[in-house]
Amino acid sequence: MRIVVGVKWVPNTQAVRIDPETGTLIRKGVPSIVNPHDLPAVEAALRLRERVGGEVIVVSMAPPPAVKGLELVLGMGADRAVLVTDRVFAGADTWATSYVLSRAIQKISAEIGRVDLVLFGHETIDSSTSHVQAQVASWLDWPYVYYVSSIEPLGDNAVRVERELEEYEEEYVVELPAVVSIAIKAMKPRPVSLQSKLRAKLERRIITWTNADLKLDPRCVGLKGSPTVVAKTVDMPEVPRKKEVYRPRDPKDAARWIIRKMVEDEKLREVMKGIVGDEL
Amino acid sequence: MSQAPSRLKVMKLEELLRRDVWDVDEERHIEVLKQEGLPLKALQLLCPMGCYSMAGERLLMSYEGCVECGTCRVLSKPEQIRWEFPRSGRGIQYRYT
Amino acid sequence: MAKGGGLFNLSKFDVVVVGAGPSGSTAAYLLAKAGFKVLLLERGRGAGSKLLWGGKAYAEPLRKVWPELDKEAPIHRWVTKERISIVWGERALTLEYKLGRKVAFTSPLPELAGWMAKKAESAGALLLDEVPVDEIVVKEGRAVGVRSGNDFVSADVVIDAEGANRILLEKLGLADRPSPYDMALGVKEVLSLDPRLIEERFGLERDEGLSWLILGDITAGIPGGGFVYTMRETIGIGLVLNIGHAAVAAEKGILRDHVSRLVEGLRTHPYFRNYWREADVIEYGGRMTIEGGLRFVPKRLYSNGLLVVGDAAGMLVNTGYTIRGVDTAVTSARLAAEAIIEARDRGGFTEENLRAYEEKVRESYIYRDLVEHSGIAEIFDDPFFFSKVPSLATRAASKLFEADYGEPSLLEAIKRSAEEEEISLLRLMLKVGRVVRRI
Ligand SMILES: Cc1cc2nc3c(=O)[nH]c(=O)nc-3n(C[C@H](O)[C@H](O)[C@H](O)COP(=O)(O)OP(=O)(O)OC[C@H]3O[C@@H](n4cnc5c(N)ncnc54)[C@H](O)[C@@H]3O)c2cc1C
Ligand SMILES: Cc1cc2nc3c(=O)[nH]c(=O)nc-3n(C[C@H](O)[C@H](O)[C@H](O)COP(=O)(O)OP(=O)(O)OC[C@H]3O[C@@H](n4cnc5c(N)ncnc54)[C@H](O)[C@@H]3O)c2cc1C
Ligand code: SF4
């Protein structure tokens, strides 16, 4: 089975600070990382490969420093990586991103071998739209299942997937080729291993494609190909925590204390009213 | 005494921690195995990142802010604290130090 | 030698180096240059990402490895001013020395170590980061390679350059877990400031830097000291505290504040704060260093197929007022590389042939300095030096300079202050004398 996994190179949002004087984001000196929610998708692909054989190819549309992230994913055991990078791809919204990714996947199918399955993470930590996967599936006209927690191979042409939702579980049999996104924390990603890292480094397993390779219309990619308009951004001020610690005698006592706190707090009282109505 | 500019106000540890970059591992790399005999106050005051704190009588260890300096390691015995490095290059990412 | 595919057999190397700090990268660089197949393994993401120091390296030992150092290395500022201050409360006594030649420079360690690792890579060493080594594998009394997770790579020689937190050496039984009294914790803040302000405030030219050591009550009576180093557009400030003494002080309730509060005390100290009053804190962190001197040096620096270099080998000179670990790490690694090259020419990496490394170290300036300063550790074990001497010195200075005492002679001022501090003058002279002789 040939599995493509999409991974995004994102700023480490944990480390992005807001300048107290200007109110703008400080990104200087903040190293990017592989979107953490994409690693379970990589893990899912590796587990599938271990069972049915084949190849795992990681794809990322990103600027050149993302090579560092691709090295990490290759270090986990992926077979190769394709970095799709070009100045004209910069500034893409989800539409333009998914367009480029879907064309890269088609190119992999044509030049490396038929792609059976495309896996994605659930969302990114820097934009978290969860749009890219569905859009890629639409461009490719393949079926799409999201928030999947496990995948079982079913012969050569299908997989059985499970989705764990809040109140129930679902199971689907999906014919290949297909696009599947993996739920956050569905699988624990394996660490980088010495042998995989060594292999990746010695055999130079990262391929770079620019628009000279993909030959896409510059009007359909990057900023120019992005119809999304940002109407307004709003800063959410940090709410200072009250840091109260209460040591209850028992759970009842704890519950009483919490309810009392909620009723005493003006803002919380409003929220509570919205939930339980005026009887509060 | 003269009024100090705002940048010269003493910063809390939490504020200092916001200056740093980690790629936090989901796997815990340091774990208290046996609290008995550990220098509790020393761990709380000396761990530069404040990873150790007390919840009532219990010593809590939050590995997320650890900079892998080894101080709690030399203050303990192998049977008291399991101490390993994070894998895959995770953990603290120093830049200007 | 290119680092391309065919040249390397997947899991067999001539030399595996554990740790891409200053010592590991030096060894990898010199050995790759001499034609060895070298694998350099680093647990961090990129070399240097786990490193923090004060900030000053002596250049000459580094030039011996990289003659191009002055031109190529990420040198932020050449140290032209050395200051030492003794601080007590709001009082401070400061000594300044102006240097002429390019003796030492400042640089952030992640950047400097990153440069050294690049040099090793461009000489043909294969650097793999994000890979922690779990074990140095020994078979039949001989180091045969390293293990990380389930993977093993074999090597004719393993170089342990893991630094002061030497987990691997302890696992091998070649070192014990150190006493907290033999280790110190460094806690540091990086402040960002316009280079022009740095130069104006400290009276520096464009490429000039300042190295400033601080003794006194900024450590809350715990044996240790403070430092200030100017980089290109940042200033590193911090404290180094003996872990054993600090732990006792914490347990006894003498130390009540978190260590970060002590560093903040330095940053906001009335004597220092105006040098950087506009500066923003851009990073904060800690790292451990060695204070045990010779006590920390393992019994042997070599065995069959294994050499230990840098901090892991205790090759760090802590004089109490300054830490020299980078130039000594580089030098010990250079000597190790020389010994390995000679051993190859003599037919093998046996214990017998690798012994030359330890002999070279014993003949070098590192060992001389280690022996000379080993007494310092003893003196610093004595909190007297850190609580009484600074208060006395600043008190004596106050008697000299604060007019209400008339104009006593210096000796008179020290004597009077000693009486007020209830310190015997004799005991004081003995202590100070011992320190001065050793420094
Ligand atoms: C309101 C809004 C406005 C925005 N405006 C702009 C703008 O003006 N300019 C701009 O540059 N950006 C803008 N963005 C960001 C941009 O839309 C997204 O960064 C990008 O399209 C990817 O979407 P996402 O991060 O939400 O990914 P998601 O849809 O959340 O990602 C789902 C999965 O798709 C895969 N994936 C996503 N991106 C990639 C990739 N690049 N390569 C490989 N796989 C990938 C991953 O597996 C990921 O887990 C905006 C985002 C929002 C929410
Ligand atoms: C607060 C402080 C201030 C200092 N100030 C100065 C100063 O001003 N001047 C000076 O010269 N020296 C100073 N030093 C000392 C100096 O930093 C060290 O002596 C020097 O870095 C030692 O180099 P090394 O290569 O031996 O070890 P390290 O620099 O510690 O490098 C070891 C490397 O090995 C890696 N590693 C460790 N274990 C493993 C493993 N199991 N697998 C893979 N990789 C591993 C680490 O990530 C690290 O990159 C200071 C130290 C401290 C803590
Ligand atoms: S290793 Fe250092 S930073 Fe990490 S928990 Fe221990 S003392 Fe704290």
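Residue numbering note: each chain is counted from 1, following its sequence as written. Chain letters start at A and ligand numbers start at 1, both assigned in the order the entries are written. The model is predicted, so local features are restricted to residues of pLDDT at least 70 and side-chain atom pairs to those at 80 or more, both for listing and for counting; the totals for chains, interfaces and linings are taken over all residues. Only hydrogens and water are removed before side-chain values are computed, so all heavy atoms of the structure are retained for them.

A. Layout of the overall build of chain A. Looking only at helices and strands, chain A has eight helices and 13 strands in total. In terms of overall dimensions, chain A has a C-alpha envelope of 65 × 50 × 40 Å along the principal axes. Exposure is judged per residue with a 1.4 Å probe applied to protein chains only, and the accessible area is read against the type maximum: over 50% gives exposed, under 20% gives buried, and values in between give partly exposed. A burial count over chain A gives 44% of its 280 residues as buried. Expressed as a percentage of contacts within chain A between residues at least 6 apart in sequence, the contacts between residues at least 24 apart total 71%. When charges are counted, neither His nor the chain ends are considered; positive counts come from Lys and Arg and negative counts from Asp and Glu. We put the charge of a Lys on NZ, of an Arg on CZ, of an Asp on CG and of a Glu on CD. One way to put it: in chain A the 40 positive side-chain charges average out to a point 6 Å from where the 39 negative ones average out. Numbering of helices and strands runs from the N terminus, with a helix taken as a DSSP run of H or I at least four residues long and a strand as a DSSP run of E at least two residues long. Between two residues, a contact is recorded if the distance between any of their heavy atoms is within 4.5 Å.

B. Representation of the overall build of chain C in the model. The helix and strand inventory of chain C stands at 14 helices and 19 strands. For chain C, buried positions account for 65% of its 439 residues. The contacts in chain C between residues at least 6 apart in sequence include a share of 71% that link residues at least 24 apart. For chain C, the exposed area adds up to about 16,400 Å²; of that, 51% sits on carbon and sulfur atoms. Only the protein chains shown count as cover for residues, and all accessible areas are computed by the Shrake-Rupley method using a 1.4 Å probe.

C. Spatial organisation of the site of ligand 1. All names here are of chain A. Here a residue is considered near a molecule or strand provided that any single heavy atom belonging to it is located within 4 Å of it. In the vicinity of ligand 1, 27 residues are found, and the nearest of them are Gly 6, Lys 8, Asp 38, Thr 124 and Thr 129. Nitrogen and oxygen atoms within 3.5 Å of one another constitute a polar contact, given that in protein one can donate a hydrogen and the other can accept it, and given that sequence-neighbouring residues count only through two side-chain atoms. Here an oxygen atom of ligand 1 sits 3.2 Å away from a polar atom, N or O, in the main chain of Asp 93. Side-chain polar atom of Thr 124 to an oxygen atom of ligand 1: 2.6 Å apart, as the coordinates give it. Against a free-state accessible area of 960 Å², the protein chains account for coverage of 78% of ligand 1.

D. Summary view of helix H1 (residues 22-33) of chain C. Residues and elements named next belong to chain C. Given the number of residues in a helix, its expected span is that number minus one, multiplied by 1.5 Å. Spanning twelve residues, H1 covers 16 Å between terminal C-alpha atoms, matching the ideal 16 Å at 1.5 Å per step. With eleven of its twelve residues buried, H1 lies for the most part within the structure. By the burial criterion, the buried members of H1 are Pro 22, Ser 23, Gly 24, Ser 25, Thr 26, Ala 27, Ala 28, Tyr 29, Leu 30, Leu 31 and Ala 32. Where H1 is buried, its residues meet strand E1 (12-18), strand E2 (38-41), helix H4 (109-122), strand E10 (151-160) and helix H9 (326-345). Count one or two residues on from H1 and you reach Gly 35, which has phi positive near 95 degrees.

E. The arrangement of the interface of chain B and chain C in detail. Of the residues lining the interface, 51 residues belong to chain B; the matching set on chain C comes to 58 residues. Throughout, buried area stands for the accessible area (probe radius 1.4 Å) lost by two parts on being put together, summed over both. Carbon and sulfur atoms make up 55% of the area that chain B and chain C hide from each other, which totals about 4,800 Å². Among the residues of chain B in contact with chain C, B:Arg73, B:Tyr94 and B:Thr97 are the three that bury the most area, contributing 16% of the side total. Where C:Glu283 meets B:Arg95, a salt bridge forms, and the shortest distance between an N and an O atom there is 3.5 Å. Taken together, chain B and chain C are joined by 33 residue pairs in polar contact (both at pLDDT 80 or more). Listing elements by their share of the side of chain B that touches chain C, those giving two or more residues are helix H1 (13-17), helix H2 (40-46), helix H3 (71-74) and strand E6 (91-92) of chain B. By definition, a salt bridge exists where a carboxyl oxygen of Asp or Glu is found within 4 Å of a side-chain nitrogen of Lys or Arg.

F. Summary view of the interface of chain B and chain A. Taken residue by residue, the interface counts 16 residues in chain B and 19 residues in chain A. Together, the buried faces of chain B and chain A total about 1,500 Å²; carbon and sulfur atoms form 44% of this surface. In this structure, the connection of chain B to chain A is made through one salt bridge. A salt bridge links A:Lys188 to B:Glu27; the nearest nitrogen and oxygen atoms lie 3.1 Å apart. At the boundary of chain B with chain A, the tally comes to six residue pairs in polar contact (both at pLDDT 80 or more). Ten residues, namely Ala, Val, Leu, Ile, Met, Phe, Trp, Tyr, Cys and Pro, are considered nonpolar, four, namely Asp, Glu, Lys and Arg, are considered charged, and the remaining ones, Gly among them, are considered polar. Residue composition of the side of chain B that touches chain A, by class: three nonpolar, two polar and eleven charged.

G. Focus on the packing of aromatic side chains. All names here are of chain C. Pairing of aromatic side chains requires ring centres within 6.5 Å, counting the rings of Phe and Tyr and the six-membered ring of Trp. Pairs whose planes differ by under 30 degrees are stacked, by over 60 edge-to-face, and all others tilted. Applying the stated criterion across every chain yields a total of 18 aromatic pairs over all chains. Among the aromatic residues, those joined into a cluster by ring pairs are Phe 202, Trp 212, Tyr 271, Phe 272, Tyr 275 and Trp 276. The cationic tip of Arg 300 hangs over the ring face of Tyr 302; the distance from NZ or CZ to the ring centre is 4.7 Å. Note on geometry: a ring has a charge over it if NZ (lysine) or CZ (arginine) is within 6 Å of the ring centre and within 35 degrees of the ring normal. For Arg 324, the ring lying beneath its charged end belongs to Tyr 58, and the centroid distance is 4.0 Å.

H. Inspection of the sheet that holds strand E10 (residues 158-164) of chain A at higher detail. Residues and elements named next belong to chain A. Read from one edge of the open sheet, nine strands run E11-E10-E9-E12-E8-E1-E6-E7-E13, paired in mixed fashion. The sheet is open, and its two borders are formed by strand E11 (169-175) and strand E13 (206-209), each paired with just one other strand. Across the sheet, the mean angle separating the axes of adjacent strands is 30 degrees when strand polarity is ignored. Two strands pair under a simple rule: DSSP has to find at least two bridges between them. For strand E9 (residues 144-154) and E10, the ladder comprises six bridges, and the chain directions are antiparallel. Note that in E10 the partner of Glu 152 across the bridge is Arg 160. Lying over the sheet, helix H2 (residues 67-76) contacts strand E6 (55-61), strand E7 (80-84) and E13, oriented at roughly 160 degrees with respect to E7. Note on geometry: axes are C-alpha line fits, over the in-contact stretch for helices, and angles between N-to-C directions span 0 to 180 degrees.

I. Seen up close, the nonpolar core. By nonpolar core is meant a set of buried Ala, Val, Leu, Ile, Met, Phe, Trp, Tyr and Cys residues that side-chain atoms within 4.5 Å join together. One finds B:Tyr52, C:Phe202, C:Ile235 and C:Trp276 to be the most contacted residues of the largest nonpolar core, which totals 71 residues. With five residues, helix H7 (residues 243-251) of chain C is the single largest residue contributor to this core. Ignoring sequence-local partners within four residues, the contact set of C:Trp276 consists of B:Leu8, C:Leu191, C:Leu193, C:Arg201, C:Phe202, C:Val228, C:Ile235, C:Ile237, C:Leu266 and C:Arg267. C:Val38, C:Ala59, C:Ile75 and C:Val297 belong to the second-largest nonpolar core, a separate cluster that totals 67 residues.

J. Here's a closer look at the site of ligand 3. Surrounding ligand 3, one finds 13 residues, the nearest of these being B:Cys47, B:Cys66, B:Cys69, B:Gly70 and B:Cys72. Taken together, the residues that form the shell around ligand 3 break down as ten nonpolar, two polar and one charged.

K. Quick peek at the confidence of the model for chain C. Residue-level confidence of the predictor is summarised by pLDDT, bounded by 0 at the bottom and 100 at the top. Put simply, chain C has an average pLDDT of 90, and 90% of its residues get 70 or more. Both scores are given for the predicted complex: the pTM is 0.91, the ipTM 0.95.

L. Seen up close, the environment of C:Leu197. Secondary-structure assignment places C:Leu197 in helix H6 (residues 195-202). Put simply, C:Leu197 and C:Ala279 are 82 residues apart on the chain and 9.9 Å apart in space, counted from C-alpha to C-alpha.

M. Just the side chain of C:Thr230, in detail. Residue and element names in this part refer to chain C. On the secondary structure map, Thr 230 appears in strand E13 (residues 224-230). Residue Thr 230 is classed as buried on the basis of its relative accessible area, which comes to 0%. Other than its neighbours up to four places away in sequence, Thr 230 contacts Arg 77, Thr 106, Ile 198, Phe 202, Leu 204, Gly 209 and Leu 210.

N. Looking closely at the domain arrangement of chain A. The split of the chain into domains comes from an automatic or database domain assignment. Each assigned domain of chain A is listed with its residue range as follows: domain 1 (2-220) and domain 2 (240-280). Distance between the C-alpha centres of domain 1 of chain A and domain 2 of chain A: 42 Å.

O. Spatial organisation of the environment of C:Leu262. Residues and elements named next belong to chain C. Structurally, Leu 262 can be placed in helix H8 (residues 259-267). Remark: the alpha-carbon pair of Leu 262 and Thr 394, spanning 132 residues in sequence, is separated by 20 Å. Residues contacting Leu 262, with those up to four places away along its chain left out, are Ile 218, Thr 219, Ala 220, Leu 239, Leu 241 and Leu 255.

P. Geometry of the pattern of salt bridges. Residues and elements named next belong to chain B. Counted according to the given criterion, the structure contains 60 salt bridges over all chains. Two residues, Arg 90 and Asp 23, come together in a salt bridge whose shortest N-O distance is 3.6 Å. In this pair, Arg 90 is assigned in the loop between strand E5 (81-83) and E6 and Asp 23 in strand E1 (residues 22-23), connecting sequence segments 67 residues apart. We classify Arg 90 as buried; its relative accessible area is 12%. Residues Arg 82 and Glu 31 are paired through a salt bridge, measuring 3.0 Å at the closest nitrogen-oxygen approach.

Q. Representation of the pairing of E7(A) in the model. All names here are of chain A. Counting buried positions along E7 gives four out of five residues, so the element sits mostly inside the fold. Direction of pairing for E6 relative to E7: parallel, over a ladder of five bridges. Looking across to E7, one finds that Val 58 is bridged to Ala 81. A right-handed crossover is one whose linking path, passing over the helix from the first strand to the second, runs clockwise when the strands point away from the viewer. As for the winding sense of the linkage, the β-α-β connection from E6 through H2 to E7 is right-handed. As paired strands, E7 and E13 are joined by four bridges and run parallel to one another. Along E13, the bridge assignment pairs Ala 81 with Ile 206.

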